[in-house]
Amino acid sequence: MNMAEMLETKKPDPMKKQSATSANGSARKNGSTEKENKDLRKLLEDQLADIYYAEKKLTKAIPKMAKAAQDEELVQSFEDHAKETEGQVERCERAFDMLGKPAKGKKCEAIEGLIEEAEDLMKEYKGSIALDAALVDAAQKVEHYEIATYGSLIAWARELGEKELADLLEETLQEEKGCNNKLTELAESGVNAAAV
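Keep in mind that what you see is a predicted model, and the values were worked out from it rather than measured.

Draft legend 1. Inspection of the pattern of salt bridges at higher detail. Scanning all chains against the criterion turns up eleven salt bridges. Across the pair aspartate 137 and lysine 141 runs a salt bridge, and its minimum N-O distance is 3.4 Å. Here aspartate 137 pairs with lysine 141, and both are found in helix H6 (residues 131-159), just four residues apart, close to one helical turn. Residue aspartate 137 is classed as partly exposed on the basis of its relative accessible area, which comes to 35%. In this structure, glutamate 170 and arginine 158 form a salt bridge, with 3.6 Å as the shortest nitrogen-oxygen distance. Of this pair, glutamate 170 sits in helix H7 (residues 163-194) while arginine 158 sits in helix H6, and the two are twelve residues apart along the sequence. A network of salt bridges, in which partner residues are shared, links Arg91, Glu171 and Glu175.

Draft legend 2. Seen up close, the confidence of the model for the protein. In this model, the protein carries a mean pLDDT of 88, and residues with pLDDT of at least 70 account for 83%. Within the model, the stretch residues 11-31 combines pLDDT values under 50 with three contacts to residues more than four positions away or in other chains.

Draft legend 3. Layout of the environment of glycine 190. Along the chain, glycine 190 turns up in helix H7. Taking the relative accessible area as the measure of exposure, glycine 190 reaches 26% and is therefore partly exposed.

Draft legend 4. Broad picture of the packing of aromatic side chains. Scanning the entire structure with this criterion turns up one aromatic pair. Where tyrosine 52 meets phenylalanine 96, the ring centres are 5.6 Å apart and the plane angle is 75 degrees; that geometry is what we call edge-to-face. One end of the pair, tyrosine 52, is in helix H3 (residues 33-68); the other, phenylalanine 96, is in helix H4 (residues 72-98), and 44 residues separate them in sequence. Comparing tyrosine 52 with phenylalanine 96, the two get one shared label, buried.

Draft legend 5. Examining the environment of valine 142 more closely. Within the secondary structure, valine 142 is located in helix H6. Along the sequence, valine 142 and glutamate 176 sit 34 residues apart, while their C-alpha atoms lie 9.5 Å from each other. If sequence neighbours within four positions are ignored, valine 142 has contacts with Leu58, Ile111 and Leu114.

What counts as what
- Residues numbered from 1 in each chain as written.
- Predicted model: local features only at pLDDT ≥ 70, side-chain atom pairs only at ≥ 80, totals over all residues.
- Heavy atoms only, no water.
- Salt bridge = Lys/Arg side-chain N within 4 Å of Asp/Glu carboxyl O.
- Helix = DSSP H or I, 4+ residues; strand = E, 2+ residues; numbered from the N terminus.
- Buried < 20%, exposed > 50% of the residue type's maximum accessible area, 1.4 Å probe, protein only.
- pLDDT = per-residue confidence, 0-100.
- Contact = heavy atoms within 4.5 Å.
- Phe/Tyr/Trp six-rings, centres within 6.5 Å; stacked < 30°, edge-to-face > 60°.

Here you go:
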């Protein structure tokens, strides 16, 4: 056998590979959909418990940030969002109810760390002209975490055909985005400049 013949025999048949992939893809789709749905539902419930814990912790942390803030508009923004957060806790409880599960939080290490960082900043910059800028930074880190989490929960709920649940969580996502936008606006309209 010469080199050309050896190469020809080792060359994969693109049609065989394509049909094998297609067959495996179909088998995977039809054979494990139920298990995948069960796994995705468990993930949704797990992360709902995570954000429920986070929202409950934030009902205590946000008023502390409002008390520490110096800029009146920032204080008001924190106070407004503290009220929204109470509603978000209730929405999480309704979401658990829709899933037929009791409302139960699961310790969220991320929010614990973000709250601890905010508390450290409040201590470190107490009395400083940069305190409000530090508070905006800390609050936006929390908002970004919440936006990412709610975005995933909504996508998973839709994938599972839980439209009502997705719509409920969408309300909270829009509030979190609104709060983040307000914080950006406050930072750009004076909080950052006051820190110079």
